[in-house]
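Chain and residue survey
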Amino acid sequence: MLRTFLTAGLCVSAGAFLAAAVTGEDIPARAKKLHFSCIVVDTHDDTTQRFLGGKFDIGERSATGSIDIPRMKEGGLGAIFFSIWIPSKITGPEAVDRAMAQIDAVREQVRKHPKDMTLATTAAEVRGARKQGKIAALIGVEGGHMINANLGVLRSYAALGVRYMTLTHSGNDEWADSSTDKAVHNGLTDFGKDVVREMNRLGVVVDISHVSDKTFYDALEVSKAPLFASHSSCRAICDAARNMTDQMIKDLAAKGGVLQINYHVGFLSQEFRDAEKADPEINKAISAEVTKRCGENEGCQLIEGDRITREYVEQGKLPRVDFSKIIEHIDHAVKVAGVEHVGLGSDFDGANMPYGMEDATKLPKITESLLKKGYSEGDVKKILGENTLRVMTEVERVSRELNSGK
Amino acid sequence: MRRVLAVLCVSPFLCAGLVVSRRASADDIGERAKKLHFSSVVLDTHDDTTQRFFTRDYDLGKRNPDGHVDIPRMREGGMNAIFFSIWIDGRIMGPPAVQKALDQIDAVHENVHRYAKDLVFCRTAAEVREAHKQGKIAALIGVEGGHMIGNDIRVLRMFGDLGVRYMTLSHFYNDEWADSSTDKPVHNGLTDFGKDIVREMNRQGIMVDISHVSDKTFYDALETSKAPLIASHSSCRALCNHVRDMSDDMIKALAAKGGVIQINYERSFIDQAYKDASDKLSGGVVAAFDQFKKECGDDQECLGRKMAEQEKRATAEGKLPHVSWERIVDHIDHAVKLVGADHVGLGSDFDGATMPEGMEDCTKLPRITEALMRKGYSDDDIRKILGGNTLRVMEQTEKVSRELQAQ
């Protein structure tokens, strides 16, 4: 059997070789063992919005949404970047005030659950949390509009534990163009470049999800440390401005960066995207229903948006997207840029999840799927979290260098 | 000789004084004071130098021809622990207040970073002691006015996380939840929310500072707080009847809960004749401040210059009396006599107030040590006044915070 296989194996890929080598039976067991022995890092999670209502307790299993401590434990999610987010249209001191309130909300949740979670600001602290059996809570700011064009605010955020900042959200900010707005700055302004330099000095990862292609290339050129795309997928598979072209993924990787795949169905599936475009009334109806259920409550809007979209899928009005699409994007990016440059950036609690990836408990399926595809355990480990930790370590090193060079 | 002394000493207090003053003969006091001063943690709880960080000419690392504080002068004066004050006008509220306060907190951190060879940022008493061991100046942050949290308890916690270790509950004006001593009361002291603020400060390990607040606010805070309080820069009303100072009863009540009054060196807070003349001249400290504010706007450098100029002119014209630095020692001594040496400290108000003659800047601080020694204070008591008492309150505040967070 072995000999026959070897002969046949000469003309098949290494992937096929591995897939054949590990028989169907033991993959789930191996995957489970592997998954729960890795540090699984998710670089983008909107659960913070749920902290603001007052009722949500991350320590209890919630019937809605995708994230809470019991489900993170069940799904082996070991490190999570809580996103600080307010709409792009809110600017100035109010944006700072509201961002601060969210940073506080994250820190308060961590303070209230000291047995399960600990705040982490370095890769070493993430590993330390893991050793203590705790979930590492990290903070990312999703949109440069929240610093009110003020480097002092950026520094305060860093001092409060913020470890990445997405240069824009859906709208342009004062110094960077967004991928989903009309370009006005031709990428990064001079001040925007100073922001990137200051992020390097502070050890805050430059996140280029959401930004325009030109902003991405400007940031890539200016930054002395690797960048990441905390929650973006592959444009070659799904043509959304929020996703990255193969060339961008290659260029990001060439500087040591990581693309963390977003699980949002509208970024994973071209078919889903086309269906949304074909019938704009659907999105309008979903928005109207969300407003009806939630009013201005953004935490509710994000959760209900996902739920109502599901209802439309169930009714056959929108196509059903399976979680295997996530694997497709991971695999594509790995083929384009190598296994060192891909990670996970779910967008849980802030997007529409595919079937089979309803919440954090489903994460082991990614590990299993990758093993089934023939990925080595070492490679899976990198994708699950080590690549992101490597970028953090590198960003910390650059920060130390820049600070000592003063 | 010892026996004779023992017989003479009926009161232990008097006795200690006598022994000390005998042992330290006039000639060697200067040397002994110098040695004591430069081996102690000299901690100043209130300093407005932060405002100067935003001006073009000022450099904390260099000796400046004006103002009261910079690293070379701190070194010369043996001032090795300093609370940089975060302050904006009490009438600025809401998100803009938060934003401006953040700018100032950042400016302190950036200056500490810039002068990392001399300064080290500290959040705890243990860190201050460690800085002292390493020969560095401990930099701490206090927020001077509750208006800067934008009426939002979450911002208070953020300030705590950014290293703020005390907050004065109000400045010259009432804020949303506390009455000021220099405004018309509208809250009858602390509101319920104001009491929540005090409790949250306890939980976060941020010292409750009752300088500037109304008497009723002081008593409300004292009742609510589980940790000792400080008056980061206030003097004694018994010697100078100013609302910014504390009455003897207040000082006693503060001390009974383990707190510390840190004496302010501002002329109009330490000298009655000066205060009276100053009131006549400009209608009081707030009115004078408002007048300069009109002329200078947000330009703090201009504000400081105008204040100094008027001061100089009026003193030269004989409209304001001379005030000697020895008044500072009078206030320390009054408070010590009232509540003991465990409850008095130093809160200069350097770079934010008009200094008495002989205390032109922080290089003059060793004079306080020498003057106390000449008065017969023991080395231990002087160390407490110079900084030990404030460190004790910090430690107790930290302990209360740990207890509350463990609950």
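Residues numbered from 1 in each chain as written. Chains lettered and ligands numbered in written order. Predicted model: local features only at pLDDT ≥ 70, side-chain atom pairs only at ≥ 80, totals over all residues.

1. Overview of helix α7 (residues 153–161) of chain B
When you tally the buried positions in α7(B), you get seven out of nine residues, the bulk of the element. For α7(B), the complete set of buried residues consists of Arg154(B), Val155(B), Leu156(B), Arg157(B), Met158(B), Phe159(B) and Gly160(B). Buried residues along α7(B) sit in contact with α6 (92–112) of chain A together with α5 (94–114), β4 (137–144), β5 (164–168) and α8 (192–204) of chain B. Downstream of α7(B) by a residue or two, Gly163(B) has a phi angle that is positive, lying close to 110°. (Buried ≥ 20, exposed ≤ 12 C-beta atoms within 10 Å, placed from the backbone. Helix = DSSP H or I, 4+ residues; strand = E, 2+ residues; numbered from the N terminus. Contact = placed C-beta atoms within 7 Å.)

2. Overview of the interface of chain B and chain A
One frequent convention defines the size of an interface as the accessible area lost when the parts assemble. In this assembly, 17 residues from chain B lie in contact with 16 residues from chain A. Secondary-structure elements contributing two or more residues to the side of chain B that touches chain A are α5 and α7 of chain B. Residue contributions to the side of chain B that touches chain A peak at nine residues, all from α5(B). Grouping the constituent residues of the side of chain B that touches chain A by class yields eight nonpolar, three polar and six charged. (Nonpolar A, V, L, I, M, F, W, Y, C, P; charged D, E, K, R; others polar.)

3. Here's the deal with the domain arrangement of chain B
Residue and element names in this part refer to chain B. In terms of domain boundaries, chain B breaks down into domain 1 (2–271 + 328–406) and domain 2 (272–322). The interface is formed by 14 residues belonging to domain 1 together with 12 residues belonging to domain 2. Here the residues of the side of domain 1 that touches domain 2 sort into three nonpolar, seven polar and four charged. (Domains from an automatic or database assignment.)

4. Examining the nonpolar core
Grouped together as the largest cluster of nonpolar side chains are 215 residues, with contacts concentrated most on Ala137(A), Ala333(A) and Ala139(B). The leading source of residues in this core is α6(A), at nine residues. When residues no more than four places from it in sequence are discounted, the contact partners of Ala333(A) are Cys234(A), Ile249(A), Leu259(A), Ile261(A) and Val342(A). (Core = buried A, V, L, I, M, F, W, Y, C linked by C-beta atoms within 7 Å.)

5. Structural notes on the environment of Leu259(A)
Residue and element names in this part refer to chain A. Looking at the element boundaries, Leu 259 is found in strand β8 (residues 258–261). In sequence terms Leu 259 and Ala 333 are 74 residues apart; their C-alpha atoms lie 7.9 Å from each other. With sequence-adjacent residues up to four places away left out, Leu 259 is seen in contact with Ala 229, Ser 232, Met 244, Ile 249, Leu 252, Ala 333, His 341 and Val 342.

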